[in-house]
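Overview (structure and organization)
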Amino acid sequence: MNVHQGKYTQQLLSLPILEDVDDLSQSLRLPKEVISKFSFNNDRYYHRIEMEKKSGGIRHIESPLKELKAIQRWVLRYILDKLSPSVYAKGFVKNKSIFDNAKPHEGNQYVLNLDLRDFFTNVQASHVYTLFKNIGYNNNIAFVLTSFCTKGGYLPQGAPTSPALSNLVCLRLDHRVSTYCKKRALTYTRYADDLCISGNKILILQKASYLIKDIINNEGFTVNSK
């Protein structure tokens, strides 16, 4: 994508026009030193909180320090919130709830639930970078935006940007699974890391479970066998 195309894409989506670090510094109202500080080795700007899961076990929340969190909130508000996840994504979406996830499956006899393991940590920084490139940002800006939102090469659970990014990175997964389901009269929705597929023929659903697991693995995720 050339510079003009990139700029055009940003205008089309009403995103901030960012061509270099000066633009980013002006938009964020932060000195360039602060931007470069958070562009590399962000691991040290997080603290780890341990929380007990309802299902048992421990969930590690990696919470960014105040300054980095403010930058992430800006990225969420001015960039990520202007992009739409797939229609199959029902979690982390404004005005959508667990009921919106259940509604499409009403009246179907059989339901298959697949849970993705370590959902955020399986979203790689390279996928986030590709996303920023696809919406028109050049290599340098895409790199800096990716650095703001990732830690150690993945999405940290606790960053305000992680839920929206996980949905956007799953656009292709949602497209592939929904295309497979449509052809077989199955219904598909995804609530964060929980994939729900339903239908009225158990054999079709059983066969689907194997093939959908292949798609999931192919997209870089793993099904939680528990």
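Criteria and cut-off values
Residues numbered from 1 in each chain as written. Predicted model: local features only at pLDDT ≥ 70, side-chain atom pairs only at ≥ 80, totals over all residues. Heavy atoms only, no water. Axes fitted to C-alpha atoms, helices over the stretch in contact; angles between N-to-C directions. Helix = DSSP H or I, 4+ residues; strand = E, 2+ residues; numbered from the N terminus. Parallel < 35°, antiparallel > 145°, perpendicular 65-115°, else oblique. Left-handed = near helix turned anticlockwise from the far one by under 90°. Contact = heavy atoms within 4.5 Å. Nonpolar A, V, L, I, M, F, W, Y, C, P; charged D, E, K, R; others polar. Expected span 1.5 Å × (residues − 1). Buried < 20%, exposed > 50% of the residue type's maximum accessible area, 1.4 Å probe, protein only. Arc of directions from axis to C-beta. Phe/Tyr/Trp six-rings, centres within 6.5 Å; stacked < 30°, edge-to-face > 60°.

Taken N-terminus to C-terminus, the directions of helix α9 (residues 171-183) and helix α10 (residues 202-218) make an angle of 160 degrees; their axes are 10 Å apart at the nearest point. When the axes of α9 and α10 are compared, the pair comes out roughly antiparallel. The way α9 lies across α10 gives a crossing that is right-handed. Contacts from Leu173, Arg176, Val177, Tyr180 and Cys181 of α9 reach α10 at Lys207, Ala208, Leu211, Ile212, Ile215, Ile216 and Asn218. Classifying every residue of the contact of α9 with α10 gives 9 nonpolar, 1 polar and 2 charged.

Right, let's talk about the environment of Arg172 for a bit. Looking at the secondary structure, you find Arg172 in helix α9. Linking Arg172 and Gln109, residues 63 residues apart in sequence, is a C-alpha distance of 27 Å.

So, on to α9. Over its 13 residues, α9 extends 19 Å from the first C-alpha to the last, a length consistent with the 18 Å expected when each residue adds 1.5 Å. By the burial criterion, the buried members of α9 are Leu173, Asp174, Val177, Ser178, Tyr180 and Cys181. Down the axis of α9, the sector holding all buried residues measures 160 degrees, keeping them to one side. Away from its buried face by more than 90 degrees, α9 exposes Arg172, His175, Lys182 and Lys183. Turning to α9, the residues buried within the fold contact β4 (187-191), β5 (194-199) and α10. Just past α9, the residue Ala185 takes up positive phi, approximately 55 degrees.

What follows deals with the packing of aromatic side chains. Following the criterion strictly, the structure yields 7 aromatic pairs and no others. With centroids separated by 5.6 Å and ring planes inclined at 50 degrees, the aromatic side chains of Phe40 and Phe143 adopt a geometry described as tilted. In this pair, Phe40 is assigned in the loop between α3 (32-37) and β1 (46-52) and Phe143 in helix α7 (residues 139-149), connecting sequence segments 103 residues apart. The exposure class of Phe143 is partly exposed, given its relative accessible area of 35%. Their ring planes at 40 degrees and their centres at 5.7 Å tell us that Phe119 and Phe221 sit as a pair that is tilted. Placement of Phe119 in the loop between β3 (110-115) and α6 (125-134) and of Phe221 in the segment after α10 is noted, with a sequence separation of 102 residues between them. The burial state of Phe119 is the same as that of Phe221; both residues are buried. Clustering of aromatic rings is evident, with ring pairs tying together Phe92, Phe119, Phe120 and Phe221.

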